[in-house]
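Okay, here's what each chain looks like letter by letter:
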Amino acid sequence: MGELMSTLARSVFRNSHHTTSDLRRSQAAKVWCGCLLGVLFTASAVRAQRSELKAPWNLDSPQADVQVGNQNADLMQKKLPLCNDPRADQYLTTLGMRLVAKLPTKGVQYPWEFHCVNDKSINAFALPGGYVFVNRGAIEAADNEAQLAAVMGHELSHVALRHGTAQASKAQFTQGAAGILGGLLGGSTGGQLLTQGVALGAGGLLLHYSRADETQADVMGTQVIYDAGYDPRAMAQFFEKLQAETKGKNPPQFLSDHPNPGNRVERVDQEIDKLGGPRPNARKDSAEFEAIKREVLALPAPKKVAPAIAAANSGPPPAPSGHYAEYSASSYSLKYPDNWGQSDDKNGATFVPPNGVLQGSDGQAALAYGMIVDLSPIQGDASNPDTLRTATQQLIQNLQHTNPNLKISRESGPVKLNGQPGLSTYLSNDSPAGGQETDWLITVVQPQGLLSFLCVAPQGAYSDYDKTFSTILDSVRLSK
Ligand SMILES: [Zn+2]
C-alpha cells in the first residue's frame, strides 16, 4: 500500500500541466489515501540531501495565479494602508528579487511586486502570481536582514508552490463547482457578488494555507535564503520570535494566516542539517536593513484599516450606527451607517457591517449582512417600460444559476426609488451564518444598465436591519 501510494502520488505531481487522465488519476489517488494533502518530501540522492518539494495538485495554470493575484493586488493597494515610502518599497524589492533569483519556479516568470504596508502587526502575505505585501511590523520585529529574508522566503515559496490556487482547486474539486472564481466566491448570493477585495482580505480566502503548505513553505524558504547566502537559522529564529509573541495580548496575524504545522522549528533545523549547516560566512545583516528599519520605525501611525477587510467570524455585527456616511458613484449616491465598511469597483459597491463577512466551514468568504450595489448591462431598450421587469427577471435567473437554493419569496412589485420606477423583490437563500437569509432586491433601470441594491441579512436578524436598509434606500440619489 505504501509503495502504491507513493507511485500514485508521484504520477500525479510530476507535471504542472495536468491532462484529464492525470486528473482521473489524482481522483484515484485521493480515494486511496488522504495523504495527498500531506507534504511530499523525496530525499534526492543526486543533489546534496535537501528536501525536494512537489507543488500540490492544481487545476489552474500559473497564468491564472497571475490574473487572480493581479486583480486582488490592485484592490489591496487601495484598501491597505501602505507605507508610501519609496525607499522601503525599493529595499523590499531588492531583497525580494535576490531571493527570487534562487526560487525554483519551474521556469515561470512571475511579475514580482513588493509593497511595504503601514501595519504594526508582524505579518506578510503574498498573493498568487507574486504580489508580496510586507507589514512594517515584520521589518520592525526582525533582528536582522536574514530574519526578514526568512519571512519573505516563506511567502515567496507559497507563490512558487502555487499554494493559493491549489487550495482553491481543492475546494472546487470537492464541490464540483464550475469556474474557478465561481468556486471561490460561491455559496451565497452575497458570496457571488462580493467584490474580491472583501473576499480575499488579509487572512482571507486565498491565504488560507494548510499545515502541509506551511511545512513546504518553511522548508523551501529555508533553502532559498541559504542559497541566497543568508544564515538559514534565521528562519527558525523568526518563528521562535512569533511564537513568543503569541503569549502577548495580540498574537501575530502571521500565525493565523500561516498556521503552525507543529514542530516548525525542528523541521527547519532538520533542513539546515541536510543543507550541511550554515556557511561560515553566511550573511546575517546589512546596513541597508538597519537604515530601513529605522525609517519604518519613524513612519507616522497607520491610518485606520477599512473594517470590511477586518477578520471575520467574531460574533454577530454590532447594531448599525445611527450616523451615516456618504458614498457616491458615477450613477448614484447614498448614505450608509458610519460603522459599516465599504469597498467598490467600477461596477458596484459593497457596504458591510463589522463581522458581516463570514468564512464558511469550506474556507470561503461570504457576505452574511450588508448591502451589495451592482450595475449590470441590460439587453434591449432602456426606455422601454418592460425592460425593468425583464432585466430584473434576468438578474434573478443569473443569481439562481450560481445559487441553486435561491428562491423568490415575494414576487416583484412596483416601488419608487428617488422618484423613479423600480421593482422590489424578496428572495431567500442559504445564509453563510447558518439557516436562511432574506435578500431584499431593489432594481431600477439607468442609462448605464440595471442598477440593483441587494440587502442581505439572516432571516432571524432581518428585522434588526430592515429599518437601516430602508434608510439607505431612501437616501439614494440617482444621477439624472
Ligand atoms: Zn505560510
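In this text, all values refer to a predicted model and were calculated from it rather than measured experimentally.

Reading the values: rules and limits
Residues numbered from 1 in each chain as written. Predicted model: local features only at pLDDT ≥ 70, side-chain atom pairs only at ≥ 80, totals over all residues. Heavy atoms only, no water. Pairing = 2+ DSSP bridges. Helix = DSSP H or I, 4+ residues; strand = E, 2+ residues; numbered from the N terminus. pLDDT = per-residue confidence, 0-100. Contact = heavy atoms within 4.5 Å. Phe/Tyr/Trp six-rings, centres within 6.5 Å; stacked < 30°, edge-to-face > 60°. Buried < 20%, exposed > 50% of the residue type's maximum accessible area, 1.4 Å probe, protein only. Donors = N, O, S within 2.8 Å, 3.2 Å for Na, K, Ca; no water. Axes fitted to C-alpha atoms, helices over the stretch in contact; angles between N-to-C directions. Polar contact = N/O pair within 3.5 Å; in protein donor to acceptor, adjacent residues only side chain to side chain. Disulfide = S-S within 2.5 Å. Salt bridge = Lys/Arg side-chain N within 4 Å of Asp/Glu carboxyl O. Expected span 1.5 Å × (residues − 1). Core = buried A, V, L, I, M, F, W, Y, C linked by side-chain atoms within 4.5 Å.

Draft legend 1. Quick peek at the sheet that holds strand β6 (residues 324-328). Pairing is antiparallel across the open sheet formed by three strands, whose spatial order is β6-β7-β17. Edge positions in the sheet fall to β6 and β17 (477-478), since each has one partner strand and no second. Taken together, the five bridges between β6 and strand β7 (residues 332-337) define a ladder with antiparallel strand orientation. Pairing of S328 across the sheet is with S333, part of β7.

Draft legend 2. Seen up close, the confidence of the model for the protein chain. Chain-level statistics for the protein chain give a pLDDT mean of 78 and a share of 76% at 70 or above. Throughout residues 1-47 the model reports pLDDT below 50, and contacts reaching past four residues in sequence, or to other chains, amount to 56 contacts. Segment residues 304-313: pLDDT under 50, and 18 contacts once partners within four positions in sequence are set aside and those in other chains are kept.

Draft legend 3. Just the packing of aromatic side chains, in detail. Applying the stated criterion across every chain yields a total of twelve aromatic pairs. For the ring pair F125 and F133, a centre distance of 5.0 Å and an interplane angle of 15 degrees mean the geometry is stacked. Neither F125 nor F133 differs from the other in exposure class; each is buried. Between Y327 and Y332, the ring centres sit 6.1 Å apart and the planes meet at 45 degrees, which makes this aromatic pair tilted. We note that Y327, like Y332, is buried.

Draft legend 4. Spotlight on unusual backbone geometry. Although it is not a glycine, K106 adopts a positive phi angle of roughly 55 degrees. Its relative accessible area of 62% is what places K106 among the exposed residues. Within the chain, N355 stands out as a residue other than glycine whose phi angle is a positive 65 degrees. Judged by relative accessible area, which is 17%, N355 ranks as buried.

Draft legend 5. Highlighting the coordination of the zinc ion. Every protein donor of the zinc ion is listed here as H154 (NE2), H158 (NE2), E214 (OE), E214 (OE) and H258 (ND1), and their distances to the metal cover 1.9 to 2.3 Å. Along the chain, the residues that donate to the zinc ion are spaced as H-x3-H-x55-E-x43-H. One end of the pair, H154, is in helix α6 (residues 145-160); the other, H258, is in the loop between α13 (253-257) and α14 (264-274), and 104 residues separate them in sequence. Across the pair, exposure class does not vary: H154 and H258 are buried alike.

Draft legend 6. Spatial organisation of the sheet that holds strand β13 (residues 407-417). Within the open sheet, the seven strands sit side by side as β8-β9-β12-β16-β15-β14-β13. Their pairing is antiparallel. Taken across any chain shown, the strands that pair with only one partner, and hence form the sheet edges, are β8 (341-345) and β13. Averaged over all neighbouring strand pairs, the angle between strand axes comes to 15 degrees, with direction disregarded. Of the strands in this sheet, β12 (370-376), β13, β14 (420-430), β15 (436-446) and β16 (449-458) touch helix α17 (residues 462-474), which is tilted by about 155 degrees from β16.

Draft legend 7. Quick peek at the side chain of T165. Along the chain, T165 turns up in helix α7 (residues 163-175). At 2.9 Å, the side chain of T165 forms a polar contact with the side chain of N58. Of the polar contacts made by the side chain of T165, one reaches the side chain of D65; its length is 2.8 Å. The contact partners of T165, leaving out residues within four places of it in the chain, are N58, D60, D65 and P128.

Draft legend 8. Geometry of the state of the cysteines. This model, assessed by the stated rule, comprises one disulfide. Residue C83 pairs covalently with C116 via a disulfide, S to S 2.1 Å. Disulfide C83-C116: the torsion about the S-S bond is -55 degrees, which places it as left-handed. Residue C83 is found in the loop between α3 (62-79) and α4 (86-100), and its partner C116 is found in strand β3 (residues 113-117); the two are separated by 33 residues along the sequence. No difference in accessibility class separates C83 from C116, as the two residues are buried.

Draft legend 9. Inspection of the environment of N263 at higher detail. Mapped onto the elements, N263 comes out in the loop between α13 and α14. The class for N263 is exposed, based on a relative accessible area of 53%.

Draft legend 10. Geometry of the pattern of salt bridges. Following the criterion strictly, the structure yields 14 salt bridges and no others. In this structure, D143 and K241 form a salt bridge, with 3.1 Å as the shortest nitrogen-oxygen distance. Pair noted here: D143 is in the loop between α5 (136-141) and α6 and K241 is in helix α12 (residues 233-245), with a separation of 98 residues, a long-range link. For D218, the salt bridge identified is with R264, shortest N-O distance 2.7 Å. Here D218 is found in helix α11 (residues 211-227), whereas its partner R264 is found in helix α14, with 46 residues between them in sequence. Assessed through its relative accessible area of 2%, D218 is described here as buried.

Draft legend 11. A look at α11. In this model α11 runs 24 Å from its N-terminal to its C-terminal C-alpha over 17 residues, within 8% of the 24 Å that 1.5 Å per residue would give. The buried fraction of α11 amounts to 15 of the 17 residues, a majority that puts the element mostly inside the structure. Trailing α11 by a residue or two, G229 shows a phi angle of about 95 degrees, which is positive.

Draft legend 12. Layout of the nonpolar core. Counting residues in hydrophobic clusters, the biggest one holds 53 residues, and the most contacted among them are L92, L99, W112, V134, I139, L148 and M152. In terms of residue count, the dominant contributor to this core is α6 (nine residues). Excluding residues that lie within four positions of it along the chain, I139 makes contacts with L92, C116, V134, L148, F289, I292, K293 and V296. Ranked by size, the runner-up nonpolar core spans 30 residues in total, among them V373, L375, L417 and I472.

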